[in-house]
Amino acid sequence: MAWVRGCPLLGDKSYDGGGLAKTLRDEGFYLCSNKVTLEHPFYHTRTPAGKKEWDLNKRKITKEMESLDGNSHITEEEDGTILIHCEIDLPAKFGEVEVVTHSDKIK
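Residues numbered from 1 in each chain as written. Predicted model: local features only at pLDDT ≥ 70, side-chain atom pairs only at ≥ 80, totals over all residues. Heavy atoms only, no water.

**Q** Mind showing me how you'd approach the overall build of the chain here?
**A** For the chain, the count of helices and strands is four helices and three strands. Helices and strands in the chain line up, N terminus first, as α-α-β-α-β-β-α. Burial statistics for the chain: of 107 residues in total, 22% are counted as buried. Pairs at least 24 residues apart make up 45% of the contacts formed inside the chain by residues separated by at least 6 positions. Summed over its atoms, the accessible surface of the chain is roughly 8200 Å², and 54% of this surface lies on carbon and sulfur atoms. (Helix = DSSP H or I, 4+ residues; strand = E, 2+ residues; numbered from the N terminus. Buried < 20%, exposed > 50% of the residue type's maximum accessible area, 1.4 Å probe, protein only. Contact = heavy atoms within 4.5 Å. Areas by Shrake-Rupley, 256 points an atom, 1.4 Å probe, with all protein chains shown as cover.)

So, in structure tokens, the structure goes:
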């Protein structure tokens, strides 16, 4: 996939082309998903129980979720989809190189 997209992973000796990637290879792959958004497995269901609980408690649930660690929150989309969003800091080794995101690559 990295070769097809023209965006090899640092640390992948098959496609990195040497240079800086070869130097950094000992630290493993430079691949990290630090943000994820998923449909909530209970509140976003077609079952009446999940939808009912969300409708009755959405403000409380949203507030509790945000108070957990500051890196997570829950939203309701216009179409009623309930999404949970989580984010973590990048590992320290990513500070050593310029990070190119998928959205940067497809511009």
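**Q** Would you explain helix α3 (residues 48–69) in this entry?
**A** Taking 1.5 Å per residue as the helical rise, α3 with its 22 residues ought to reach 32 Å, and the 29 Å between its terminal C-alpha atoms agrees with that figure. Taken as a whole, α3 carries its principal kink of about 85° at N57. The complete set of buried residues in α3 reads G50, W54, I61 and M65. Contacts from the buried residues of α3 go to β2 (72–76) and β3 (82–87). Two residues or fewer past α3, G70 is found with a positive phi of approximately 80°. (Expected span 1.5 Å × (residues − 1). Bend = angle between axes of the 7 residues up to and from the residue.)

**Q** How do you make sense of the environment of E39 when you look at a structure like this?
**A** Turning to its location among the elements, E39 is positioned in strand β1 (residues 35–39). With 42 residues separating them along the chain, E39 and T81 place their C-alpha atoms 7.0 Å apart. In contact with E39, not counting residues within four places along its chain, are H44, T81, I82 and L83.

**Q** Can you help me understand the pattern of salt bridges in this one?
**A** It is possible for side chains of opposite charge to pair when their charged atoms get near one another. If you walk through the whole model with that rule in mind, you get four salt bridges. For D55, the salt bridge goes to K51, with nearest N and O atoms at 3.3 Å. Of this pair, D55 and K51 both sit in helix α3, four residues apart, which is roughly one turn of the helix. D55 sits in the partly exposed class, given a relative accessible area of 40%. Overall, the relative accessible area of 30% leaves K51 in the partly exposed class. (Salt bridge = Lys/Arg side-chain N within 4 Å of Asp/Glu carboxyl O.)

**Q** I would appreciate a short explanation of the side chain of S72 in the present structure.
**A** Here S72 is to be found in strand β2. Contacts of S72, omitting those with residues within four sequence positions, involve M65, E66, H85 and C86.

**Q** Could you clarify how one ought to interpret the pairing of β3 in this entry?
**A** Regular strands have side chains that alternate between both faces of the sheet. Two elements, β1 and β3, share five bridges in a ladder whose sense is antiparallel. Within the sheet, the bridge partner assigned to V36 lies in β3 and is C86. The sheet contact formed by β2 and β3 spans five bridges and is antiparallel. Bridge assignment links H73 to a residue of β3, and that residue is H85. (Pairing = 2+ DSSP bridges.)

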